[in-house]
Amino acid sequence: MTEVLEQVGTEERVPPVVRVVEHPAWPVLKAAVEEIRPWQSKDGSIDFDGDAAPDASDIDLAVRRAIDAIEQLSPLVPHDVAYHEALVKDLRGWADGGFKVPDFLDSLLAFQPAANREDGLQHLVVFPMYTQNGNLDRNFEAVVLRMVWPDWLAELERTRYDNPLFCGITFEDFTAGYDTNSAVLFPETIAVREAPERFSWGGIFCDREAARFRAVTDAAVDILGLELPEDIAAMVHDQERCEKAFVLWDMVHDRTHSHGDLPFDPFMIKQRQPFWMYGLEELRCDLTAFKEAVKLESEGNEHGRDVQYAVLFDRMFRFPVTGDRVRNYDGLGGQLLFAYLHKHDVVRWTDNKLHIDWQRAPQVTNQLCSEIEDLYRAGIDRPKLVHWFKAYELVSTYLAPHPGSRWAKGPDALDLSQPPRKLVDDVLPDEFPLSMFYEALSKKLKNVIASTKGITAADSERIAA
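Just so it is clear, the model here is predicted, and its values are computed rather than measured. (Residues numbered from 1 in each chain as written. Predicted model: local features only at pLDDT ≥ 70, side-chain atom pairs only at ≥ 80, totals over all residues. Heavy atoms only, no water.)

Student: Describe in detail the overall build of the protein, supporting the description with residues and values.
Tutor: Along its length, the protein carries 17 helices and seven strands. Its C-alpha atoms put the protein at 70 × 65 × 40 Å along the principal axes. The contacts of the protein with a sequence gap of at least 6 include a subset with a gap of at least 24, amounting to 72%. When the accessible area of the protein is evaluated, it comes to approximately 21300 Å², of which 50% is carbon and sulfur surface. Averaging the coordinates of the 50 positive side-chain charges in the protein and doing the same for the 78 negative ones gives two points 6 Å apart. (Helix = DSSP H or I, 4+ residues; strand = E, 2+ residues; numbered from the N terminus. Contact = heavy atoms within 4.5 Å. Areas by Shrake-Rupley, 256 points an atom, 1.4 Å probe, with all protein chains shown as cover. Lys, Arg positive; Asp, Glu negative; His and termini not counted. Charge placed at Lys NZ, Arg CZ, Asp CG, Glu CD.)

Here is the structure:
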């Protein structure tokens, strides 16, 4: 009995896990990073020759404050201790080297979040980096995040959708580069002297994706007069449920880049191709996730139906009208999905109301996925330029090209003596303009889309309330 009481007493003395963002050193670190960021050039270096050149001692002091805060916070996340030790060395090296172009390769290699995907695990991350769809400069950013790895997702990854590098994550807090539309943490965005042979992780913030999806979908449904099935309407209004849908969607999407016939990852493999090729690849990955979700629903998985409508609504409502029209490949994929479903009578825009045939939507959406897969399979036996033209034919079957397009006029309108990568220069910035439907929807949704900049799950709940 005495042993039992001693064990209980010991367990009671184990301190609870402290949130990094609640520690007094976190606002100090955040303030130091925010102080450094405006002094940095696009490549992350400090320009001491400019008109508004900072004093080196001020920068040095800010870096020392950041280092001190990191060392205070690191014990809260002991699984990151090797990374934080390397991070401190890289920060000191940047300062000692005169604040030139930062090189954080050593700390990048030490950061291995995919090695321990424990649900709810905190990470404190500091890097000079650009934030995709956010800040294009390699400024310092500090972000506290949590891993999303519930048992049901881990089991699907282990038995069905192997993706050992994928990290589902959520925000705890962040600096200015993430107060944007960025919803990813990717190692290739970090300033290093040379790229590693291979990257060992990639993170996607499912809470931001879910919050953004809910805000835009809710507005689009209201604008378009769309009547949702009861279970899907409930999903749109449930942040936690949407996060689960997005983390599953993202995991399947991410692995699809390296699966199937003739796949390529638009971000990992730097190829100069017409932007509709990137649009088709991203859409292929999303539609593969949709196809798998249909199978999961048929097997009784509670998340399968949610993923299907997350894909449909995000692709049809948000993607086509988000961002500018310069080589907007995600927008193109959304336009193509809507047009395909419209021409196959799954969606109808009549009397200023959108109608969806919920019964036929899965079948016809999978049909588009099959057409893209057939294009890829046939592309194995085609030269690159022929493959690009065949892809153009597929897209232009459903989307009208710009009247001034050379590519729309066919091979005779192009100088085929040039290498294929040079012919990309003949692609118009907006090769497939928005339809009249999307022109109207864009005007009505633009304020809602703008309001989702930097959105978090907490913001989403406040908006819903």
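Having seen it, we continue.
Student: Let's hear about the sheet that holds strand S1 (residues 122-129): which residues, and what values?
Tutor: Strand order in the open sheet made by the five strands is S1-S2-S3-S5-S4, with mixed pairing throughout. Whereas interior strands pair on both sides, the edge strands pair on one side only; in this sheet they are S1 and strand S4 (184-185). In this sheet, strand S2 (residues 139-148) lies alongside S1 in antiparallel orientation, the contact comprising eight bridges. From the neighbouring strand, Gln122 faces S2, where its bridge partner is Arg146. Seen against the sheet, helix H2 (residues 25-36) touches S1, S2 and strand S3 (166-174) and runs at an angle of roughly 140 degrees to S2. (Pairing = 2+ DSSP bridges. Axes fitted to C-alpha atoms, helices over the stretch in contact; angles between N-to-C directions.)

Student: How would you sum up the packing of helix H10 (residues 275-298) against helix H14 (residues 384-398)? Please name residues and give values.
Tutor: Taken N-terminus to C-terminus, the directions of H10 and H14 make an angle of 65 degrees; their axes are 10 Å apart at the nearest point. Between H10 and H14, the crossing angle belongs to the class labelled roughly perpendicular. The element H10 and its partner H14 pack so that their crossing is left-handed. Between H10 and H14, the contacting residues are Trp276, Met277 and Leu280 on the first element and His387, Trp388, Ala391, Tyr392, Leu394 and Val395 on the second. Classifying every residue of the contact of H10 with H14 gives eight nonpolar, one polar and no charged. (Parallel < 35°, antiparallel > 145°, perpendicular 65-115°, else oblique. Left-handed = near helix turned anticlockwise from the far one by under 90°. Nonpolar A, V, L, I, M, F, W, Y, C, P; charged D, E, K, R; others polar.)

Student: I'd like a rundown of the pattern of salt bridges, residues and numbers included.
Tutor: A side chain with one charge may pair with a side chain of the opposite charge, provided their charged atoms come close. Inspection of every chain in the model, using the stated rule, returns 32 salt bridges. Put simply, Arg284 and Glu281 hold a salt bridge, and the shortest N to O gap is 3.0 Å. A residue pair is termed a helical-turn pair when its members lie 3 or 4 positions apart in one helix, as Arg284 and Glu281 do in helix H10 at three residues. Judged by its relative accessible area of 4%, Arg284 is buried. Via salt bridges that share partners, Arg19, Glu22, Arg146 and Glu172 belong to a single interconnected network. (Salt bridge = Lys/Arg side-chain N within 4 Å of Asp/Glu carboxyl O. Buried < 20%, exposed > 50% of the residue type's maximum accessible area, 1.4 Å probe, protein only.)

Student: Hey, could you go over helix H7 (residues 206-224) for me, with residue numbers and the actual values?
Tutor: For H7, with 19 residues, the first-to-last C-alpha span of 26 Å sits near the 27 Å given by 1.5 Å per residue. Burial runs high along H7: 16 of the 19 residues are buried. Positive phi appears at Gly225, one or two residues downstream of H7, with a value of about 65 degrees. (Expected span 1.5 Å × (residues − 1).)

Student: A description of the packing of aromatic side chains should follow, citing residues and the corresponding values.
Tutor: How two aromatic rings sit relative to each other is set out by the distance from centre to centre and by the angle between their planes. By the definition in use, this model includes 31 aromatic pairs. With a centroid separation of 5.4 Å and 75 degrees between ring planes, the pair formed by Phe104 and Phe140 is classed as edge-to-face. Taken as a pair, Phe104 in the loop between helix H4 (81-96) and helix H5 (105-110) and Phe140 in strand S2 lie far apart in primary sequence, 36 residues in all. Above the plane of the ring of Phe174 lies Arg208, whose end atom (NZ or CZ) is 5.1 Å from the centre. (Phe/Tyr/Trp six-rings, centres within 6.5 Å; stacked < 30°, edge-to-face > 60°. Lys NZ or Arg CZ within 6 Å of the ring centre and 35° of its normal.)

Student: Now, about the nonpolar core: what can you tell me, with residues and values included?
Tutor: Within the largest apolar cluster, 138 residues are counted, with the highest numbers of intra-cluster contacts made by Leu29, Trp276, Phe313 and Trp407. With ten residues, H10 is the single largest residue contributor to this core. The residues touching Phe313, leaving out its near neighbours within four places in the chain, are Phe213, Thr217, Leu226, Leu228, Ile232, Arg318, Ile356 and Trp358. (Core = buried A, V, L, I, M, F, W, Y, C linked by side-chain atoms within 4.5 Å.)

Student: Go over the pairing of S3 with me, naming the residues and quoting the values.
Tutor: Taken across its nine residues, S3 has eight buried, putting it largely inside the fold. Here S3 pairs with strand S5 (residues 202-205) via four bridges, running parallel. Bridging across to S5, Cys167 finds its partner in Gly203.

Student: Report on helix H3 (residues 56-73), specifying residues and quantitative values.
Tutor: Here H3 is 18 residues long and its end C-alpha atoms lie 26 Å apart, about the 26 Å a rise of 1.5 Å per residue gives. Among all positions in H3, only Ile59, Ala62, Val63, Ala66, Ile67, Ala69, Ile70 and Leu73 are buried. One side of H3 holds all its buried residues, which, seen down the axis, span an arc of 165 degrees. Looking at the packing, one finds that the buried side of H3 touches H2, H4 and S1. (Arc of directions from axis to C-beta.)

Student: Hey, could you go over the pairing of strand S6 (residues 347-350) for me, with residue numbers and the actual values?
Tutor: Alignment of S6 against strand S7 (residues 353-356), held across four bridges, turns out to be antiparallel. Within S7, the position partnered with Trp349 by the bridge is Leu354. Hairpin connection from S6 to S7: two residues lie between these consecutive antiparallel strands, with Asp351 at a positive phi of about 55 degrees.

Student: Run through the state of the cysteines, naming residues and quoting values.
Tutor: Disulfides are covalent bonds that connect the sulfur atoms of two cysteines. If you walk through the whole model with that rule in mind, you get zero disulfides. Cys285 takes part in no disulfide bond, and the closest cysteine sulfur, belonging to Cys369, lies 9.4 Å away. On the basis of relative accessible area, Cys285 is assigned to the buried category, the value being 0%. (Disulfide = S-S within 2.5 Å.)

Student: An account of unusual backbone geometry is needed here, citing residue identities and associated values.
Tutor: Its identity as a non-glycine residue notwithstanding, Phe99 has a phi of 60 degrees, on the positive side. By the secondary structure assignment, Phe99 is in the loop between H4 and H5. When its relative accessible area of 5% is taken as the criterion, Phe99 is described as buried. Even without glycine at this site, Asp351 takes up a positive phi of about 55 degrees. As for its placement among the helices and strands, Asp351 is situated in the loop between S6 and S7. For Asp351, a relative accessible area of 72% translates into the label exposed.

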